[in-house]
Amino acid sequence: MATERCYGIVLAGGLSRRMGGGDKGLQTIGGYSLIARVIAAIQPQCSGLVLSVNGDVTRFQSFSLPIVADDVPDFKGPLAGLLAGLDWIAENHPSAAYMISVPSDTPFLPDDLVARLTLAREAESAEIACAASGGRTHPVVALWPVAIRKDLRSALVGEDQRKIERFMRDYRCARVDWPSEPYDPFFNVNAPADLAKAEALLFARDKTITSA
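Everything quoted here is computed from the prediction, not taken from an experiment.

(A) Representation of the environment of Q45. Summarising the element assignment, Q45 is placed in the loop between α2 (34-42) and β4 (49-52). Here the alpha-carbon distance between Q45 and I100, two residues 55 residues apart in the chain, equals 9.3 Å. Within the structure, Q45 has its side chain in polar contact with the backbone oxygen of A41 (distance 3.0 Å).

(B) The arrangement of the pairing of strand β7 (residues 128-133) in detail. Most of β7 sits inside the fold, with six of its six residues counted as buried. With burial as the criterion, each face of β7 is covered, one bearing I128, C130 and A132 and the other bearing A129, A131 and S133. One ladder, built from six bridges, connects β7 with strand β9 (residues 173-178); its direction is parallel. Residue pairing in the sheet places A132 in a bridge with D177 of β9. Note: β7 against strand β8 (residues 136-145), five bridges, orientation antiparallel. In the strand pairing of β8, A129 is matched with L143. In this antiparallel pair of consecutive strands, β7 and β8, the connection spans two residues, and G134 shows a positive phi of 55 degrees.

(C) Structural context of helix α3 (residues 78-92). Helix length check: α3, at 15 residues, gives a terminal C-alpha distance of 21 Å against a target of 21 Å (1.5 Å per residue), a fit within 8%. Burial runs high along α3: eleven of the 15 residues are buried. Where α3 is concerned, the buried positions are L79, A80, G81, L82, L83, A84, G85, L86, D87, W88 and I89.

(D) Spotlight on the packing of aromatic side chains. Overall, the coordinates contain seven aromatic pairs when judged by the stated rule. When the centroid spacing of 6.4 Å and the interplanar angle of 45 degrees are considered together, the rings of F108 and F187 count as tilted. One end of the pair, F108, is in the loop between β6 (98-103) and α4 (113-123); the other, F187, is in the loop between β9 and α7 (192-211), with 79 residues separating them in the sequence. Here the aromatic rings of W178 and F186 are separated by 5.4 Å at their centres, their planes lie at 80 degrees, and the arrangement is edge-to-face. W178 sits in the buried class, given a relative accessible area of 7%. Given a relative accessible area of 4%, F186 falls into the buried group.

(E) Seen up close, the pattern of salt bridges. Taken as a whole and assessed by the stated rule, the structure comprises eight salt bridges. Two residues, K24 and D105, come together in a salt bridge whose shortest N-O distance is 2.6 Å. Of the two residues, K24 sits in the loop between β1 (6-11) and β2 (28-29) while D105 sits in the loop between β6 and α4, which places them 81 residues apart along the sequence. Take K24 and D105: they sit in the same class, and that class is buried.

(F) Summary view of the packing of α3 against helix α5 (residues 149-158). It is at 10 Å that the axes of α3 and α5 come closest, and there the two elements cross at 145 degrees. For the element pair α3 and α5, the recorded crossing hand is left-handed. Contacts between α3 and α5 involve L79, A80, L82, L83, L86, D87 and A90 on the former and, on the latter, R149, L152, R153 and L156. Looking at the contact of α3 with α5 residue by residue, the class counts come to eight nonpolar, no polar and three charged.

(G) Seen up close, the sheet that holds β9. One open sheet accounts for seven strands, arranged β5-β4-β1-β6-β8-β7-β9; its pairing is mixed. Edge positions in the sheet fall to β5 (67-68) and β9, since each of these pairs with one other strand and no more. Sheet topology places β6 next to β8; four bridges connect them, and they run antiparallel. Among the inter-strand pairings, I100 is bridged to a residue of β8, identified as L143.

The rules behind the values
Residues numbered from 1 in each chain as written. Predicted model: local features only at pLDDT ≥ 70, side-chain atom pairs only at ≥ 80, totals over all residues. Heavy atoms only, no water. Helix = DSSP H or I, 4+ residues; strand = E, 2+ residues; numbered from the N terminus. Polar contact = N/O pair within 3.5 Å; in protein donor to acceptor, adjacent residues only side chain to side chain. Buried < 20%, exposed > 50% of the residue type's maximum accessible area, 1.4 Å probe, protein only. Pairing = 2+ DSSP bridges. Expected span 1.5 Å × (residues − 1). Phe/Tyr/Trp six-rings, centres within 6.5 Å; stacked < 30°, edge-to-face > 60°. Salt bridge = Lys/Arg side-chain N within 4 Å of Asp/Glu carboxyl O. Axes fitted to C-alpha atoms, helices over the stretch in contact; angles between N-to-C directions. Left-handed = near helix turned anticlockwise from the far one by under 90°. Contact = heavy atoms within 4.5 Å. Nonpolar A, V, L, I, M, F, W, Y, C, P; charged D, E, K, R; others polar.

If you want it as structure tokens, here you go:
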């Protein structure tokens, strides 16, 4: 099964500049934090989860998950979080061949994310599989081989490569599309106005589920 060979990482180490600082993942909709909703969605799809966090880790200890911080200096963005996760998984869960990465601000993740990305990677003989919706690719939502970590460290440290899209160009990458209606499963909360929109989407989704 896909879940047995896949470990997950929730990326929560960003600076949240558009949110005005702080932790986006700890903002709430419908009474639960964004990161709690992300964990609930992705945890059943993996053999385990790790959080990528920078700074004071105590603010995330209530989630009872292992926490890793970037070991690359100068805050090099999500690629540094991915690398920290890959290294931690390789050391602590060597049987895991793949890592699914998701950001902490995407509360509507699909429950078939890992399964569909795994199938696409195998069908296309790709090394990476990436999610897409509404005509846009979401490079932070992707399935990575754990073995790619050495190449990633070389790109990040040796070449100062900070863009996920640029790193992906050197590999065969399968793209998997999800419908963006009635809501985009990869909608992410970047700014305060997005919280209100997420609340509305949550209400509409739950109302549809209840009436079905």
